[in-house]
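Listed below, chain by chain, are the residues.
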There are 2 protein chains.
Amino acid sequence: MARNGKLSTDPYKGVRDFYPKEQALQQHLFSIMRQVAQSAGYEEYSASLLEPAELYRAKGSENEEIATQQTYTFLDRGDREVTLRPEMTPTVARMVAARRRDLSFPLRWYSIPNVFRYERPQRGRVREHWQLNIDLFGSEHIAADAEIILLAHTLMRAFGATENDFEIRISSRGFLNGLITQHSLSEESTKKLHGLLDRHGKVSSQEEEASLKEIGISPQEFVASVAPKDVVELLTTLKELGCSNARFEPYIVRGFDYYTGLVFEVYDTHPDNNRSLFGGGRYDNLMELFGEETMPAVGFGMGDVTIRDFLEVRSLTPSYTSPIKVYLAVTGEDMVTEAMKIASRLRAQGISAAVDLGDKKLGEQIKSADKKGIPHLIVIGRNEIDSGMVAIRTLATGEEEKIALTSLPSFLKSF
Amino acid sequence: MARNGKLSTDPYKGVRDFYPKEQALQQHLFSIMRQVAQSAGYEEYSASLLEPAELYRAKGSENEEIATQQTYTFLDRGDREVTLRPEMTPTVARMVAARRRDLSFPLRWYSIPNVFRYERPQRGRVREHWQLNIDLFGSEHIAADAEIILLAHTLMRAFGATENDFEIRISSRGFLNGLITQHSLSEESTKKLHGLLDRHGKVSSQEEEASLKEIGISPQEFVASVAPKDVVELLTTLKELGCSNARFEPYIVRGFDYYTGLVFEVYDTHPDNNRSLFGGGRYDNLMELFGEETMPAVGFGMGDVTIRDFLEVRSLTPSYTSPIKVYLAVTGEDMVTEAMKIASRLRAQGISAAVDLGDKKLGEQIKSADKKGIPHLIVIGRNEIDSGMVAIRTLATGEEEKIALTSLPSFLKSF
């Protein structure tokens, strides 16, 4: 809001500014995501965050509520209804459907898009967040589900988490559908059951029990439930491939109704924060929206905000280091061009260097470099240029060493 | 649009889908941008593309036209007016103003945001594009202008362009202001002059001459114009620092009115495409919008679409290479878990590997790997697991070599 005719410096409500330290952390997350995905043979794709609104309005979808109440949807100047994507799955399904005949399967794709939800900002719930999306198209085998869940596991490990820090809880639409058929549940009761399971852990067990009974299901059917065949097979494969912290959990349903098979969620095991970090599952029918034949697909989405919280609580985020290796302070404005020439030679050797432009006194220049966390500093003055010798200072310790300008690159590379 | 009740697979009008090949090229551009910026001591920042609409409605700004006619601006569900940023400069000014007292100067920042314009889609003019923004805050010295222009030069060189491929044309608001004072131009005539210079090269010289005369300026004042002092000093510094393709060009004004000093544009020298690729300049007064004291600032923005066109015309874009180094085909579904174990071990050694999930016949699997451009392939079957020996095939040549599974990592690393 404007104060006294001046503009506010606040960002738009519910979104984040990324100053260099926050951006470095963001890039750290993205870089691990990219590394893990690419190593497993996934190719990166991307798309605009602007999508035709109808993409989120599939008939009968539970997403309808999200589409109509929680998205950013508006008319453009040409009266087209546009939505800022609230999730990436419809987009990736659209892109695969568009080139289905040219793509070769199994198709492994990932992306790290920003997604938007219009909701009340609160901890872990911002209006814009970034979300790694990993999807595997074209295989209906359990091995595909296993690969996707293993990727989630590998990612968590790559972030520095141990198997004790998180747990993978798996269920299957088959289990739920079994219950529905067995009890001949009406559409209404089915919806109720879905909602109830989705709120599991957030309502008291008494309340849950009462609601289950209302639908006609005994709570024992959950407690004593045996893992369905597909989940058992999946758990066996996962174990064989080195993932030991997965288990069957009948309460897992996932909010979206496009899941058709296995569903899973990765839970934080921290006693104070026993919540779902992210999840995914199999969605074999999404291509039908585009008039295409069904296409087996399995994937997950991992949000930056929840992962950041998870890592910060465990001190697993790296501390910020300046991308600048050496700062060239100057004795005066007249030395800036000389300093810039030296910096140029350092950069040609792959050393990141920044030059002070002589707007402040030397003492202030040094303070400023220290504040930025730059490790090394040299002062460039007439003497240094004439003698070809500089004193290189390690800012953390204040130690200085005299070296020839020509040895500067090799000296700095040794750090 | 929906056909027969089915959703279209087209993206929203005027935006692009990035399939893996296009995304790889995009990441290639971004990676060079990051490398050059970081090497010169610039830190990355970022922000949401959602901004309060008022940020683009500074009074009397020529941007007003852009703000009111060419932006995506809408009301959110809480009746806040939101704009999808059409450019990054107001955002970076906002962020610097917000933490001015905590930041240390000179401040070097860069970002690669997507920006939005509601305009008729055409070649090089899409509704969403990405734009490297590089800004240097806190120095009013010519050295700062020189550093920014040198960065533009270094970037072009890093993309593979020679000094003959482009030219840097520089002018100064000082030159223009001199003309305005000398001729005591009214505000209206000043605006006309601005517009005229901005269209230079797009209208006939006769037309331009006539319009200049109307304002009361003789075309000779441009043709015979001598570079102002600041431009001369800048050109000298640039030459000293290895940039030989810059020159004074009085017609350069830049569309935005927030520039206060030197302005520059990088031109394509290709005879068929002699147009501005990107540009920037000095804008010292932008902090005032936020009620802050003036702050010297200089920077530029480089768009992905124009640079891609420039590089494609000169065959300077790299050809796509699959991020996957080896494909593990399987003789049957029963071998997938074994193949996944081998892939796991390869990944632990930093080798990207993808496993076929056995949904297709072996021949089809090999075809699919070849189509994806994956360089190597091995077939995993019962024999291979039992003997510990595999045949590794180079798909481009069809050559095969028998090696032990245990030697696979070192073999693949040799490529």
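Values in this document were obtained by computation on a predicted structure and should not be read as measured data. (Residues numbered from 1 in each chain as written. Chains lettered and ligands numbered in written order. Predicted model: local features only at pLDDT ≥ 70, side-chain atom pairs only at ≥ 80, totals over all residues. Heavy atoms only, no water.)

(A) Layout of the relation of the copies chain B and chain A. It takes a turn of 180° to lay chain B on chain A, together with a shift of 0.0 Å along the axis; the resulting RMSD is 0.0 Å. The relationship between the two copies is best expressed as a two-fold rotation axis. Across chain B, the smallest distance between a C-alpha and the rotation axis is recorded for B:Phe74, namely 3.3 Å. Residue by residue, 100% of the interface of chain B is reproduced at the interface of chain A, so both copies engage with the same surface. (Least-squares fit on C-alpha atoms with pLDDT ≥ 70 in both. Contact = heavy atoms within 4.5 Å.)

(B) Looking closely at unusual backbone geometry. Residues and elements named next belong to chain A. Omega for the peptide link from Phe-105 to Pro-106 comes to 0°, which places this bond in the cis form. Mapped onto the fold, Pro-106 is located in the loop between helix H3 (89-98) and strand E7 (107-111). Positive phi, normally seen in glycine, also occurs at Asp-79, with a value near 65°. By secondary structure assignment, the location of Asp-79 is in the loop between strand E5 (72-75) and strand E6 (81-84). For Asp-79, a relative accessible area of 61% gives the class exposed. (Helix = DSSP H or I, 4+ residues; strand = E, 2+ residues; numbered from the N terminus. Buried < 20%, exposed > 50% of the residue type's maximum accessible area, 1.4 Å probe, protein only.)

(C) Fine view of the sheet that holds strand E16 (residues 353-355) of chain A. Residues and elements named next belong to chain A. Strands sit in the order E16-E15-E17-E18-E19 across an open sheet of five strands; the sheet is mixed. Each edge of the open sheet carries a strand with a single partner, namely E16 and strand E19 (400-404). Neighbour to neighbour, the strand axes of the sheet diverge by 25° on average, direction disregarded. Pairing geometry for strand E18 (residues 389-394) and E19, over five bridges, is antiparallel. Considered in E19, the bridge of Ile-392 is made with Glu-401. Strands in contact with helix H11 (residues 336-348) are strand E15 (326-330), E16 and strand E17 (376-380); relative to E16, the strand with the most contacts, it is inclined by about 170°. Its contacts with the sheet place helix H12 (residues 362-371) against E15, E17 and E18, and it is angled at close to 165° to E15. (Pairing = 2+ DSSP bridges. Axes fitted to C-alpha atoms, helices over the stretch in contact; angles between N-to-C directions.)

(D) Up close: the pairing of E17(A). All names here are of chain A. Most of E17 sits inside the fold, with five of its five residues counted as buried. Residues of E17 alternate between two faces, with His-376, Ile-378 and Ile-380 on one and Leu-377 and Val-379 on the opposite face, all of them buried. Of the strand pairs in this sheet, E15 and E17 are connected by five bridges, and their pairing is parallel. Bridge pairing in E17 links Val-330 to Ile-380. Where E17 meets E18, three bridges bridge the pair, whose relative direction is antiparallel. In the strand pairing of E18, Leu-377 is matched with Arg-393.

(E) Region of the structure containing the interface of chain B and chain A. Contacts between chain B and chain A engage 109 residues on the former and 109 residues on the latter. Interface area lost by chain B to chain A is led by B:Leu7, B:Tyr19 and B:Arg77, which between them contribute 9%. Remark: the boundary between chain B and chain A carries six salt bridges. Notably, a salt bridge pairs B:Lys341 with A:Glu240, separated by 3.1 Å at the nearest N-O pair. (Buried area = accessible area lost by both parts, 1.4 Å probe. Salt bridge = Lys/Arg side-chain N within 4 Å of Asp/Glu carboxyl O.)

(F) Structural view of the pattern of salt bridges. Per the stated rule, a full pass over the model turns up 44 salt bridges over all chains. The closest approach of N and O atoms between B:Asp386 and B:Arg382, which form a salt bridge, is 3.5 Å. Linking B:Asp386 with B:Arg382, this pair stays in helix H13 (residues 382-387), spanning four residues, or about one helical turn. According to the relative accessible area criterion, B:Asp386 is exposed, its value standing at 58%. Judged by relative accessible area, which is 45%, B:Arg382 ranks as partly exposed. If you follow the salt bridges from partner to partner, you end up with A:Glu167, A:Arg169, A:Arg247 and A:Glu249 in one network.

From the geometry alone we can't say anything about function, so treat these as descriptive.
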